[in-house]
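Observations on the model geometry
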Number of protein chains: 2
Amino acid sequence: MMPLNKQTFVLFLLTATLLWSSVAGGQQKTEDYSRYVDPMIGTHKMGHTFPGATVPFGMVQLSPDTRHLMMYDARGQYVREAYRYCSGYQYEDSTIFGFSHTHFSGTGHSDLGDISLMPTTGILELDHSDTGQTGTNLHSRFRHDTERAEPGYYMVTLDDFGVDVELTTTTRVGLHRYTFAKGGEAHVILDMMANIYNFEGKNVWTFLRVENDTLVTGYRQTTGWARTRTVYFVMAFSQPMTSYGHRKYDETPYKGFYRRFDQESSFPEMAGREIRAHFDFDVRPKDPLLVKVALSSVSTAGALRNLQRELPHWDFDRIRGEARQQWNRELGRVDVESLTRDQQIVFYTALYHTMLGPVVYEDVDGQYRGLDQNVHTSDGFTNYTIFSLWDTYRALHPLFNLIQVARNTDMINSMLAHYDQSVHPMLPIWSHYANENWCMIGYHAVSVIADAVAKTNWETGLDRALKACVTTSRIPYFDGVGEYMDLGYVPDEASGSSVSITLELAYDDWCIAQLASQAGNDALYNRYMERSRSYRNVYDPDLGFMRPKKRNGTWREDFNTMETHGQGFIEGNAWNYSLYVPHDPETLVETMGGPEKFSRHLDELFEMELPDEFIARTEDITRDGIIGNYVHGNEPGHHIAYLYNWTDRPWQTQARVRMIMDTMYGPGVNGLCGNDDAGQMSAWYIFSALGFYTVCPGSRQYAIGSPLVARATLNLENGNTLVIRAEDQDSENVYVQKVEVNGKVINRLHLEHDELVSGGEIVFFMGPEPNRTHR
Amino acid sequence: MMPLNKQTFVLFLLTATLLWSSVAGGQQKTEDYSRYVDPMIGTHKMGHTFPGATVPFGMVQLSPDTRHLMMYDARGQYVREAYRYCSGYQYEDSTIFGFSHTHFSGTGHSDLGDISLMPTTGILELDHSDTGQTGTNLHSRFRHDTERAEPGYYMVTLDDFGVDVELTTTTRVGLHRYTFAKGGEAHVILDMMANIYNFEGKNVWTFLRVENDTLVTGYRQTTGWARTRTVYFVMAFSQPMTSYGHRKYDETPYKGFYRRFDQESSFPEMAGREIRAHFDFDVRPKDPLLVKVALSSVSTAGALRNLQRELPHWDFDRIRGEARQQWNRELGRVDVESLTRDQQIVFYTALYHTMLGPVVYEDVDGQYRGLDQNVHTSDGFTNYTIFSLWDTYRALHPLFNLIQVARNTDMINSMLAHYDQSVHPMLPIWSHYANENWCMIGYHAVSVIADAVAKTNWETGLDRALKACVTTSRIPYFDGVGEYMDLGYVPDEASGSSVSITLELAYDDWCIAQLASQAGNDALYNRYMERSRSYRNVYDPDLGFMRPKKRNGTWREDFNTMETHGQGFIEGNAWNYSLYVPHDPETLVETMGGPEKFSRHLDELFEMELPDEFIARTEDITRDGIIGNYVHGNEPGHHIAYLYNWTDRPWQTQARVRMIMDTMYGPGVNGLCGNDDAGQMSAWYIFSALGFYTVCPGSRQYAIGSPLVARATLNLENGNTLVIRAEDQDSENVYVQKVEVNGKVINRLHLEHDELVSGGEIVFFMGPEPNRTHR
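Residues numbered from 1 in each chain as written. Chains lettered and ligands numbered in written order. Predicted model: local features only at pLDDT ≥ 70, side-chain atom pairs only at ≥ 80, totals over all residues. Heavy atoms only, no water.

Looking at the overall build of chain A
The helix and strand tally for chain A stands at 19 helices and 38 strands. For chain A, the C-alpha radius of gyration of 26 Å lies close to 28 Å, the compact-globule estimate for 775 residues. Dimensions along the principal axes, computed over C-alpha positions, put chain A at roughly 80 × 65 × 50 Å. When contacts within chain A are restricted to residue pairs at least 6 apart in sequence, long-range pairs at least 24 apart make up 70% of them. Per element, the accessible surface of chain A, about 24,500 Å² overall, is 47% carbon and sulfur. Within chain A, the 99 negative side-chain charges are centred at a point lying 2 Å from the centre of the 68 positive side-chain charges. (Helix = DSSP H or I, 4+ residues; strand = E, 2+ residues; numbered from the N terminus. Rg over C-alpha atoms; globule rule 2.2 N^0.38 Å. Contact = heavy atoms within 4.5 Å. Areas by Shrake-Rupley, 256 points an atom, 1.4 Å probe, with all protein chains shown as cover. Lys, Arg positive; Asp, Glu negative; His and termini not counted. Charge placed at Lys NZ, Arg CZ, Asp CG, Glu CD.)

Some words on the sheet that holds strand β14 (residues 215-222) of chain B
Within a beta sheet, neighbouring strands are joined by backbone hydrogen bonds and run either parallel or antiparallel to one another. Residues and elements named next belong to chain B. One open sheet accounts for nine strands, arranged β8-β9-β10-β11-β19-β15-β14-β13-β17; its pairing is antiparallel. The open sheet has two edge strands, β8 (148-150) and β17 (269-272), and neither has a second partner. Direction aside, neighbouring strands of the sheet carry axes that sit 15° apart on average. Relative to strand β9 (residues 153-158), β8 is paired through three bridges, and the arrangement is antiparallel. Paired with Arg 148 across the two strands is Met 155, which belongs to β9. (Pairing = 2+ DSSP bridges. Axes fitted to C-alpha atoms, helices over the stretch in contact; angles between N-to-C directions.)

Focus on the pairing of strand β35 (residues 735-741) of chain B
Residue and element names in this part refer to chain B. Counting buried positions along β35 yields five of seven residues, so the element is predominantly enclosed. Inspection of the sheet shows β35 paired to strand β38 (residues 760-767) by six bridges, in the antiparallel sense. Looking across to β38, one finds that Tyr 735 is bridged to Gly 767. Relative to strand β36 (residues 744-745), β35 is paired through two bridges, and the arrangement is antiparallel. By the bridge assignment for β36, Val 741 is matched with Lys 744. Hairpin connection, β35 to β36: the antiparallel pair is bridged by two residues, and Asn 742 has positive phi, about 50°. (Buried < 20%, exposed > 50% of the residue type's maximum accessible area, 1.4 Å probe, protein only.)

Observations regarding the relation of the copies chain A and chain B
Overlaying chain A with chain B gives an RMSD of 0.0 Å, the required rotation being 180° about an axis along which the chain moves by 0.0 Å. Read as a symmetry element, the transformation amounts to a two-fold axis. Of the C-alpha atoms belonging to chain A, the one lying closest to the rotation axis is found on Val204(A), 3.2 Å away. Most of the interface of chain A is mirrored in chain B, where 98% of its interface residues are also at the interface. (Least-squares fit on C-alpha atoms with pLDDT ≥ 70 in both.)

Remarks on the interface of chain A and chain B
Counting from both sides, the interface comprises 54 residues of chain A and, opposite them, 53 residues of chain B. It is Arg227(A), Tyr254(A) and Val423(A) that lose the most area in chain A upon contact with chain B, and together they represent 17% of the buried surface on that side. In this structure, the connection of chain A to chain B is made through two salt bridges. A salt bridge links Arg260(A) to Asp479(B); its shortest N-O distance comes to 3.8 Å. Element by element, the count of residues in the side of chain A that touches chain B is highest for strand β13 (residues 203-212) of chain A, at seven residues. The residue inventory of the side of chain A that touches chain B, partitioned by class, reads 27 nonpolar, 17 polar and 10 charged. (Buried area = accessible area lost by both parts, 1.4 Å probe. Salt bridge = Lys/Arg side-chain N within 4 Å of Asp/Glu carboxyl O. Nonpolar A, V, L, I, M, F, W, Y, C, P; charged D, E, K, R; others polar.)

A closer look at helix α12 (residues 522-532) of chain B
Residues and elements named next belong to chain B. Within the span of α12, buried status applies to Leu 524, Tyr 528, Met 529, Arg 531 and Ser 532. Along the long axis of α12, the arc covered by the buried residues comes to 155°, so they all point the same way. Against the buried residues of α12 lie α9 (462-472), α10 (481-487) and α11 (498-518). (Arc of directions from axis to C-beta.)

Brief notes about the packing of helix α4 (residues 341-353) of chain B against helix α18 (residues 680-690) of chain B
Residues and elements named next belong to chain B. In the contact formed by α4 and α18, the axes pass within 8 Å of each other and the chain directions differ by 130°. It follows that α4 is oblique to α18 by the angle criterion. As for the relative orientation of α4 and α18, their crossing is left-handed in sense. Contacts from Gln 343, Val 346, Phe 347, Ala 350, Leu 351 and His 353 in α4 reach Ser 682, Tyr 685, Ile 686, Ala 689 and Leu 690 in α18. Residue classes in the contact of α4 with α18 are distributed as eight nonpolar, three polar and no charged. (Parallel < 35°, antiparallel > 145°, perpendicular 65-115°, else oblique. Left-handed = near helix turned anticlockwise from the far one by under 90°.)

Considerations on unusual backbone geometry
Between Gly357(A) and the following residue, Pro358(A), the backbone shows a cis peptide bond with an omega angle of -10°. Structurally, Pro358(A) can be placed in the loop between α4 (341-353) and β21 (359-360). The step from His424(A) to Pro425(A) runs through a cis peptide bond, and the omega angle for that step is -15°. Topologically, Pro425(A) is positioned in the loop between α7 (405-421) and β26 (430-431). Unlike most non-glycine residues, Asp479(A) shows phi in positive territory, near 50°. By relative accessible area, which is 12% here, Asp479(A) ends up buried. Unusually for a residue other than glycine, Lys45(B) sits at a positive phi of about 55°.

A few points about the side chain of Thr230(A)
Here Thr230(A) shows up in strand β15 (residues 229-237). Using a relative accessible area of 10% as the deciding quantity, one classes Thr230(A) as buried.

Looking at the confidence of the model for chain A
Residues and elements named next belong to chain A. This prediction gives chain A a mean pLDDT of 93; 95% of its residues lie at or above 70. Contacts of residues 10-28 to residues separated by more than four positions or lying in other chains number 30 contacts, the stretch itself having pLDDT below 50. Both scores are available for the predicted complex, with the pTM at 0.95 and the ipTM at 0.94. (pLDDT = per-residue confidence, 0-100.)

Notes on the packing of helix α6 (residues 396-403) of chain B against helix α8 (residues 445-455) of chain B
Residue and element names in this part refer to chain B. At a closest axis distance of 10 Å, the pairing of α6 and α8 adopts a crossing angle of 25°. Judged by the angle between their axes, α6 and α8 are roughly parallel. The element α6 and its partner α8 pack so that their crossing is right-handed. Contacts between α6 and α8 involve His 397, Pro 398 and Asn 401 from the first element and Val 448, Asp 451, Ala 452 and Lys 455 from the second. In the contact of α6 with α8, the residues fall into three nonpolar, two polar and two charged.

Some words on helix α18 (residues 680-690) of chain A
All names here are of chain A. Summarising burial for α18: 11 of the 11 residues are buried, a large majority. By the burial criterion, the buried members of α18 are Gln 680, Met 681, Ser 682, Ala 683, Trp 684, Tyr 685, Ile 686, Phe 687, Ser 688, Ala 689 and Leu 690. Taken from the residues just after α18, Gly 691 is the one with a positive phi, measuring 110°.

Let's talk about the sheet that holds strand β32 (residues 701-704) of chain B
All names here are of chain B. Judged by pairing direction, the sheet is antiparallel, and its three strands sit side by side in the order β31-β32-β37 without closing on themselves. With one partner strand each, in any of the chains shown, β31 (692-693) and β37 (750-752) form the two edges of the open sheet. In this sheet, β32 lies alongside β31 in antiparallel orientation, the contact comprising two bridges. Bridge pairing in β32 places Tyr 693 opposite Ala 703.

Considerations on the packing of aromatic side chains
Residue and element names in this part refer to chain A. As enumerated under the stated definition, the model contains 94 aromatic pairs over all chains in all. Three or more aromatic residues link up through ring pairs in this structure, and these residues are Tyr 642, Tyr 665, Trp 684, Tyr 685, Phe 687, Phe 692, Tyr 693 and Tyr 702. Here Arg 229 stacks its cationic end above the ring of Tyr 433, 5.2 Å away from the centre of that ring. Positioned above the aromatic ring of Phe 257 is the side chain of Arg 259, whose terminal nitrogen or guanidinium carbon lies 4.9 Å from the ring centre. (Phe/Tyr/Trp six-rings, centres within 6.5 Å; stacked < 30°, edge-to-face > 60°. Lys NZ or Arg CZ within 6 Å of the ring centre and 35° of its normal.)

Considerations on the pattern of salt bridges
Side-chain pairs of opposite charge can arise whenever the charged atoms involved come near each other. Residues and elements named next belong to chain A. Applying the stated criterion across every chain, the model contains 95 salt bridges over all chains. For the salt bridge of Arg 324 with Asp 32, the shortest nitrogen-to-oxygen distance reads 2.8 Å. Highlighted residues: Arg 324 in helix α3 (residues 316-331) and Asp 32 in the loop between β2 (29-30) and β3 (63-65), separated in sequence by 292 residues. Across this residue pair, the class does not change: Arg 324 and Asp 32 are buried.

Concerning the environment of Arg247(A)
Residues and elements named next belong to chain A. With respect to the helices and strands, Arg 247 occurs in strand β16 (residues 243-248). Overall, the relative accessible area of 31% leaves Arg 247 in the partly exposed class. The sequence separation of Arg 247 and Glu 274 amounts to 27 residues, and the corresponding C-alpha distance is 8.3 Å. When near neighbours in sequence (up to four residues on either side) are disregarded, Arg 247 contacts Leu 126, Asp 127, Glu 264, Glu 274, Ile 275 and Arg 276. Within polar-contact distance, the side chain of Arg 247 engages the side chain of Asp 127 at 3.2 Å. (Polar contact = N/O pair within 3.5 Å; in protein donor to acceptor, adjacent residues only side chain to side chain.)

Things to note about the state of the cysteines
Residue and element names in this part refer to chain A. With the rule as written, the count across this model stands at zero disulfides over all chains. With no disulfide of its own, Cys 469 has Cys 511 as its nearest cysteine by sulfur position, at a separation of 8.6 Å. Not engaged in a disulfide, the cysteine Cys 511 finds its nearest cysteine sulfur in Cys 696; these two sulfurs lie 6.2 Å apart. (Disulfide = S-S within 2.5 Å.)

Shown next, in the form of structure tokens:
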């Protein structure tokens, strides 16, 4: 990377005439922000991002998969290696197994990888090896120097086949362009057995029809993280296939009368549990074969409608250009000037990563398959799926409440539709593709709703939303909630994560209280404010930490404040989780000894040495994601650096936040210190780089940190423009001297939501030393 | 059985005031024909009928299953015993395993048995044994003297549980009434693992939700004869369950986060491959528990709509009464006076059996899942499924063209919809539940269409139908059709049924020619008339039989005219199949030596002794279904007895037909000599008992036989009434002396369709000796 000094780079930004592209249907011109996005960031090690092509919030996320591992070995043991492939791709690999159409971005558990295509040449081979050994003509080596990843576009050369693969997408359709070095016989392998997080029995059913010599339809049904999931698709080729066939790898004793046909060869119906199909073409060099794949959760008819509406032509470059335009429009909601090009890249890639989920989950006609497996139609909203709420309620949805208000409102409508379809009924916990996967803890949908109600014009249906939140919070068989309601805490005996759950439910209940307050329901408000104080029940004042409590009210004896799992916590130890009272930091600080003691405690957290043994036992984390004992690679501590604001030394927030941005984020494939977690890690960065953070979603306040940008312009959906400037911004000038809102100095450590969305200008005056009077 | 003499019985019929019931919404009164129906007929041995409750052409056919066999043993060998359970029930059994909602009537291959319920008391047990041993609390012994089977109603006592089970249905909803001898804890077992024709891997997926304490929704997906089939349902209880649960018998290594719940006990979501659920009730003696089960092919939402529309109340007796009324209306289309009560019972039970398939296959809103697995809406027709066309084109659909014209038209519309949804595309061969199962040979949908076009006002869409027929007949990979088109016959090397296929395609092609003629397409007519003469290519004049021919034009050497399978024929040997040229019997007779020689040949067929070894090797047949070497238990010979009409001794038809009716049909559980084959066997009986038969569906002529009824009144849908009388009818007077149509003697051996549907009177004058001048 070529370092640029600040002035040079800002000048460059201001003067360069960037790539301007006219937006379809309007005269608006958009800067090419996409060039600052590097989709490869996070593809190495723990980021779990994928490099492939997609549009913002696109249903199709078309990306190469570099390993088709089974999650369990022959003895039924979990293969730890599988974890690394949550997004299907690891940068260090040198083999591509296929290009599939659905991926999670940054998760720590997985599923998907649907409708995997692979163009091959030479001898047709369908048998599979997941080791990537050469000799199996079903996967290919590749080199990163042939790779190109951009918003809405991905390219790679498959060395073993001499095929240049280019990918782009619309919202619901993936478009492949295969350019063959040599002419002759080529194949497109449709691997319906391939999965991310694959295991024996994952594939429930596959159904394929060759409608004609350029059109294939079908669906696949899988179980797994989503227990009952069906993905319908249509696949269209730009030139007629010469032949086709499939092999079925499952065995059922019953063959029926299909046995009369040579089903494996050019017979247009295929069905079974484990199917790999091939479509054969006579290709010419430099005359690319294009393939469109449209998805639907409803039916192949729905997928066909999606195809016809979104991609009626074969102009790859036009789709690629339109995808980039879409990205530029969305990225342009925050126009940023950074000190360095690397920071510009890290910022826009983070912003890019905040728009890979939730994804649109409905057909062009608004139909989608719901949690009850019935087909529903979104009425007055766009339906979304992939709600990694334990992660994303913290900063991603609050970010949306600032720069993606309309989409966030639709996401809430989608969550309420989920509630309506739920048999419990409950709002989503962690849901994807019409399934509740029950991952992680808390019922943080209530936070997302409370944050929207607090900050936006989301007022319609408040009663409906409140009812959904209250009902969700009272399902006794969910994760200890019954005992939580009875005892005021989840007892140690009920869950290995009892303290984490208690703390998060207390916060969630505070969110419900806020909604009750908005709805004017004082009794409910009081009840939930009472519940929100449950965190006190798991604080051990003698130890000075949150601690698992048993049913009989005594503390758990076998307990180590450094340890994470199985003794009351999940993805964060007692050091981190004891600081989790986002809705009442004042009381927390008092309880833990007052501001001075608390700030020293925070220092100790950031500066202590965490022994390796605890890192090894902490899920989802490596040394890369840790500062002292502070874990940035997981979410429970994301607010911690901002807690200095409630102490005697608020400027420590400013220093810590800048340090986190400097060390936990970066350009390059290893640029994410932990799982991006569906955009939460990236959303933390966006907020922090802009100079503030939502310690308590559901409130209207943002804790002030230390902006990293030189200048940012937020183009808000209400038509207002907010300019954020950091005067004297510099890598050394990390301390905020004063803050002016529209020219007026504010003497507090937070910004109000109104101050942001009313537009105008917020100026941070930066300096190399703390201003100890700014508090 | 109490024998009645003819006069007494006819008098009885004429004078008795039968049960009259007012038909809902009209003043029409209907006789209680249902009392002549004995659904137990055919439940023993080969009939493969089921005794349970259903309405005419009902989607729900709710019947006890007396065995839950696996089709394959542990070594993967087919269990021959399974064949006996095509309808789920065998009379000699003494154990009931459940009451399931879908059944085939009379087929020789199977599937279905969906949504099996079993009320139990005592210790809850979910583990299953298919041996019927006592001690497993999941099935119960029963005695036939507690059984009662009527149209629309079935009852039995489960001795092991002390439960009286009563069943009735609407078109789409089954209604169970369970009366417990003792109060206390009772269970309803929902066995989603149960299947007719079950095998390892048959259950693809099961999804259940307990919506509230009286409502369960879900679906099951199976493979098998229907390769990709989904049945959605809702189940409502008349009283709240006290608890519920399930056990999952499949194992997948992946457990997901559902593991956090005690899913097996009162957790409202269940999903997996092999699931058995239980719903627990606190019952009181004499206070019955009722259960409604509505089906849908579309969705649980569709099933719920079906339930709400068809069965919004809990009045069992009302539904039972309405079901019987429906039967009386349909049975009353043919008002018959028989010589004996047994004959009356055999006739009306046969008529009943003609209305158990095809069945309605759409929701109350017209939606149904089609062959492409998409949801379609029937536009202007009612959609039907279960097309056992190789059987039913012969007499069942021709019968419908006489007394169920509207339904038959809808069935054709359903077949054309199937064609539209087919990827080949082809009209149905043997289809059920949105699946082509490819059973048996020929493309006899074309016969059903040609017959309707020839006889009814079915004129709209003739071009569409013709195109569908022509396209269907040109799919080269279907069962030797490619070589049939090239060579003029299916060669021996291509199929073990080459002669049967050639003969049936030749007939089918004649049907297409008739359609082409109707459409005024002479070129097409000529082409298909040419194809229709293909039967000549497999006639070996030296041998005097049809015979498998090899690709090189020579005859197959290894060949026995008695043998059926694997040497050119299926379900009929050369003796029977050589007579299969229904569209050109004149030429056949000439080819085989002229009328005299031909009639002697027929005599030999009926009178020869068929060695046991051939019976043992003939599928679907026992000695019960054979007269000499004539096989009535299978379909290929169903026209044979009528072929004497084309010889020097037509009266032999009259004698043979009466003999067949006397010996191959009867009252009692063993009253069917072979599989009823979706009503074909019964339809043969109805026609023959009325005195005529459709030797060549697609023509407008009916060959005259020998009526068995004393009198019949056909109440036709066109408003006309046709009276058929047999003067001097008697068990000895089997020979037709003369036939008068509306008072005018006809000097021919056939009736014209117009003579039937114009109404009026046809009188057969019967006598004990042939009238050798009537020809």
